[in-house]
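Coordinates in review
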Amino acid sequence: DTTNAAALLVDKEIDDLSIPHILVNNAYIAFVMTLNLFNKDEAQEFKGISDKANIDSSSIIEDNVTIGPFVYIGQNVSISKNTIIHPGTVILKNVSIGSNCILYSNVSIRDNCVIGNQVILHNGCVIGSDGFGFAPVGEKYKKIPQLGNVIIENDVEIGANTTIDRATLGSTIIGSGTKLDNLVQIGHNVTIGENTVIVSQTGIAGSTKIGKHVTLSGQVGISGHLKIGDNVVIAAQSGISKDVPEGSIVFGTPALPIMQRKRIDVSLRHLPDMVKKLHSLENEIIELKEKLKEK
């Protein structure tokens with residue numbers, strides 16, 4: 001009742017409001033819908049296919065595709081209808097891009113990668129960079145060729161400056177509906193299930209499998225060749241060094257079930273006092289032993 005808002009969107013379970021309001025099933029979703037009503041995009045600076053774009057003649061561009069200036073599109077690329085590609089984007093040979101996608105400026109997509117429908121790639125993200133693979137030879141390292149690709153399924157959004165490595169063999173796969181924040185690193189041959197959310201500065205090492213509906217909070221680090229089950233939540237700044245069962249909520253480094261980790265953290269705060277008490281008890285025991293010897 002103290003708000004200065006002229007009107008409210010309110011969940012139906014809230015009663016007795018004197019302020020003008022609209023009752024909805026879910027206020028958060030209604031807020032999103034309302035924002036979309038006011039989301040009138042400014043006129044785009046470029047229309048159609050710019051004559052300053054460099055497009056190989058072997059590529060197939062469907063109807064109503066918009067390609068901005070200084071875009072490079074290599075051999076045998078296919079781009080489906082209604083996709084928008086902003087200036088400075090580089091798309092190498094044999095890439096397939098679905099319909100209704102948006103690629104913002106300076107996106108890089110390496111050869112043979114597959115992008116589904118309704119995918120949004122934000123500025124500077126890199127799809128299909130080489131996986132980090134080197135074989136030790138004496139004191140040096142020999143590069144392992146990265147011959148696979150990246151497959152991004154439908155309705156995926158990938159944040160700015162996020163990098164997704166191509167597979168050594170096979171594919172790195174990002175499942176439908178998954179959302180990646182800025183500055184996320186996905187290693188080679190990683191598989192991410194549908195509708196997973198990954199927050200900024202998370203890194204996933206090669207060949208790890210992430211399930212469906214997983215939440216990885218900020219600055220999570222996951223070792224390679226692990227399995228993270230469906231519906232797992234990993235709290236911020238956690239380090240994962242072993243498999244996480246389906247439905248778990250874990251936290252810390254090494255990660256533990258979240259309530260166990262919280263109890264440990266609370267105990268650590270009392271550790272200095274506990275050490276003092278322990279030393280005091282040790283001294284008392286020593287004194288008692290001396291007295292027993294005297295008797």
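Residues numbered from 1 in each chain as written. Predicted model: local features only at pLDDT ≥ 70, side-chain atom pairs only at ≥ 80, totals over all residues. Heavy atoms only, no water.

1. Regarding the sheet that holds strand S5 (residues 66-67)
Read from one edge to the other, the open sheet built from eleven strands follows the order S5-S8-S11-S14-S19-S22-S25-S28-S31-S33-S34, with strand pairing classed as mixed. Edge strands, defined here as strands with exactly one partner in the open sheet, are S5 and strand S34 (256-257). (Pairing = 2+ DSSP bridges. Helix = DSSP H or I, 4+ residues; strand = E, 2+ residues; numbered from the N terminus.)

2. Remarks on the nonpolar core
Among the nonpolar cores identified, the biggest contains 47 residues, and Ile-109, Leu-121, Ile-127, Ile-152, Ile-186, Ile-222 and Ile-240 are the most heavily contacted of them. For Leu-121, the contacting residues outside a window of four places in its chain are Ile-102, Leu-103, Tyr-104, Val-107, Ile-109, Ile-127, Ile-152 and Ile-158. (Core = buried A, V, L, I, M, F, W, Y, C linked by side-chain atoms within 4.5 Å. Buried < 20%, exposed > 50% of the residue type's maximum accessible area, 1.4 Å probe, protein only. Contact = heavy atoms within 4.5 Å.)

3. Some words on the packing of aromatic side chains
By convention here, two paired aromatic rings are described through the distance between centres and the angle between planes. Under the criterion given, the structure shown has one aromatic pair. Ring geometry for Phe-132 against Phe-134: centres 5.2 Å apart, planes inclined by 70 degrees, an arrangement best described as edge-to-face. Since its relative accessible area comes to 71%, Phe-132 is described here as exposed. By relative accessible area, Phe-134 is classed as partly exposed at 38%. (Phe/Tyr/Trp six-rings, centres within 6.5 Å; stacked < 30°, edge-to-face > 60°.)

4. Here's the deal with unusual backbone geometry
With omega at -5 degrees, the peptide bond leading from Thr-253 into Pro-254 counts as cis. Note on placement: Pro-254 falls in the loop between strand S33 (249-251) and S34. For Phe-70, which is not glycine, the phi torsion reads 65 degrees and is therefore positive. With respect to the helices, strands and loops of the structure, Phe-70 is situated in the loop between S5 and strand S6 (72-73). By relative accessible area, Phe-70 is classed as exposed at 60%. The phi torsion at Asn-231 lies on the positive side, around 60 degrees, for a residue other than glycine. By the secondary structure assignment, Asn-231 is in the loop between strand S30 (227-228) and strand S31 (233-234).

5. Observations concerning the state of the cysteines
Tallying each qualifying case throughout the model produces zero disulfides. With no disulfide of its own, Cys-101 has Cys-125 as its nearest cysteine by sulfur position, at a separation of 12 Å. Between Cys-113, a free cysteine, and Cys-125, which holds the nearest cysteine sulfur, the sulfur-to-sulfur gap is 11 Å. (Disulfide = S-S within 2.5 Å.)

Bear in mind that shape data such as this cannot, by itself, settle questions of function.
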